[in-house]
Amino acid sequence: MENLLGKIDQFGPEKIICVSDSKTGMRGVLVIDNTARGMGKGGCRMSPDVTVEEVCRLARTMTWKWAMVDFALGGAKGGIKADPGSSDKEKIIRAYVRALRKHIPDEYIFGLDMGLTEADAAIVVDELDDLKTSMGTPQELGGFPYDELGATGYGVAEAVKAACSKKKKSFRNTTVSIQGFGAVGRAAAKFLAEEDFVIVAVSTVEGVLYNPAGLDIEKLLELQQEAGDEVVKAYEDGQVMNLGEELTLNVDVLIPAAIQDIITEDNAAKINAELIVEGANMPTTSKAEGILAANNTLIIPDFVANAGGIIAAGVGMDARNSCQRIDAREVYCLIEEKMHDNVSLLLERAEKEEISTREIAKSIAQNRVIKAMQLRGNKNISLV
Ligand code: NAD
């Protein structure tokens, strides 16, 4: 904890709440990072390896993400240390939200991240007996199923399209490698394949599937329903390679859409893609970023590129509070608009100011948060 206290800065975290339950073995954390622009909202991650520090970093990413899309919400994130494949998953989720019932939904609204699905959001709503406690619930429970509709992956695909358009690169035959074939990766693959991008590689924890002539994404999606992560082995028309090899393939676009800190100083120099669009949160370390910048690799940072899901969640919250149904087409249009505006702005400013897209995006998001803090009477903080 001492270590964490030393990492608190002028933005937060405002609260770190650790919870446990000896009956189920549940261990969890809720981090409310910064609420100057609105109450805390962010997904909850279930993983056997999740740490408090990781959830703090994810909560900070949420602060920038909400500010970047200019929604009046603040950064927060949940973490549950458990195996999402466990037969006790439901009991553990129930114990987690029961332990946090004083904070949900007044200070934090539950949402989905790695390891959790719409069915889990439904459990949260049932345990707390309140539809307003979670986003990402199935439609039957008044929610907007942003994972099922692939809102984050749709946004990632739009970010790729926006960057290609700005660089005058045609979509047809542009090659893409995707790490992670979960909620984000498979939706990005589907929407990009529909626009004639050639998806040459996808990976899951089980390995990397590669075919330089392109993978049949529809077929992969169908196979995945039965095979799960084993889909990379079940698909016959391609070779299976070792994990990590998808990052260094000779492709135009790389989409990390699995875990954090996988592009590092050890592999950054081997990356061939000229464009990296970060579907995952925090996939690139700062040392790797320096190497990539020296190689002129363009990065669309996580809190810009993977904001499709939070745009859908924000619209969903507004609609639910006013008892309205959500039109998925309107959500897709809003995601498309925000992605194209933000990516164009970043690329234009990066070229003019000769600094990285991440630094530009961070300064835009930070200044929005700082302005809100100043308006609330904080005189110790100034614009960057
Ligand atoms: P998910 O659990 O649905 O899927 C994760 C995928 O990554 C699976 O296919 C898994 O097999 C694969 N994977 C895990 N470790 C891997 C490794 N080392 N190498 C290759 N593949 C690996 O998760 P998700 O919801 O798609 O989230 C993926 C990333 O996107 C996370 O960083 C998450 O924080 C971020 N994200 C998700 C959303 C969302 O709406 N789901 C929104 C924003 C950001």
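Let us look at the structure shown here. (Residues numbered from 1 in each chain as written. Predicted model: local features only at pLDDT ≥ 70, side-chain atom pairs only at ≥ 80, totals over all residues. Heavy atoms only, no water.)

Topic: the nonpolar core
Then, number 1: By size, the foremost hydrophobic cluster in this structure holds 100 residues, and its most contacted members are Tyr96, Val202, Leu220, Ile255 and Ile300.
Then, number 2: Take this core: its biggest share by element is 9 residues, from helix 5 (residues 151-166).
Then, number 3: Residues from two domains meet in this core; each of domain 1 (15-60 + 75-140) and domain 2 (144-384) gives at least three.
Then, number 4: Residues contacting Leu220, with those up to four places away along its chain left out, are Phe181, Val202, Leu209, Leu215, Val231 and Tyr235.
Then, number 5: With 19 residues, the next largest nonpolar core counts Val198, Val208, Val251 and Leu292 among its residues. (Core = buried A, V, L, I, M, F, W, Y, C linked by side-chain atoms within 4.5 Å. Buried < 20%, exposed > 50% of the residue type's maximum accessible area, 1.4 Å probe, protein only. Helix = DSSP H or I, 4+ residues; strand = E, 2+ residues; numbered from the N terminus. Domains from an automatic or database assignment. Contact = heavy atoms within 4.5 Å.)

Notes on the site of the ligand
Then, number 1: Around the ligand, the structure places 26 residues, and the nearest of them are Arg45, Asp113, Thr152, Val184 and Asn281.
Then, number 2: Contact between the ligand and Ala183: an oxygen atom at 3.0 Å from a main-chain N or O atom of the residue.
Then, number 3: Bound to the protein, the ligand loses 87% of the 830 Å² it would expose on its own.
Then, number 4: For the shell around the ligand, the secondary-structure elements that each account for two or more residues are helix 6 (183-194) and strand 8 (198-204).
Then, number 5: Both of domain 1 (15-60 + 75-140) and domain 2 (144-384) provide at least three residues apiece to the shell around the ligand. (Near = heavy atom within 4 Å. Polar contact = N/O pair within 3.5 Å; in protein donor to acceptor, adjacent residues only side chain to side chain. Areas by Shrake-Rupley, 256 points an atom, 1.4 Å probe, with all protein chains shown as cover.)

A word on unusual backbone geometry
Then, number 1: Note that the residue after Gly12, namely Pro13, is joined by a cis bond; omega there is 0 degrees.
Then, number 2: Structurally, Pro13 is set in the loop between helix 1 (2-5) and strand 1 (15-21).
Then, number 3: In this chain, Ile104 is followed by Pro105 through a cis amide linkage whose omega measures 5 degrees.
Then, number 4: If you trace the backbone, Pro105 turns up in the loop between helix 3 (89-99) and strand 6 (108-109).
Then, number 5: Notably, Asp70 is not glycine yet its phi reads approximately 60 degrees, a positive angle.
Then, number 6: Positionally, Asp70 belongs in the loop between helix 2 (52-69) and strand 5 (74-81).

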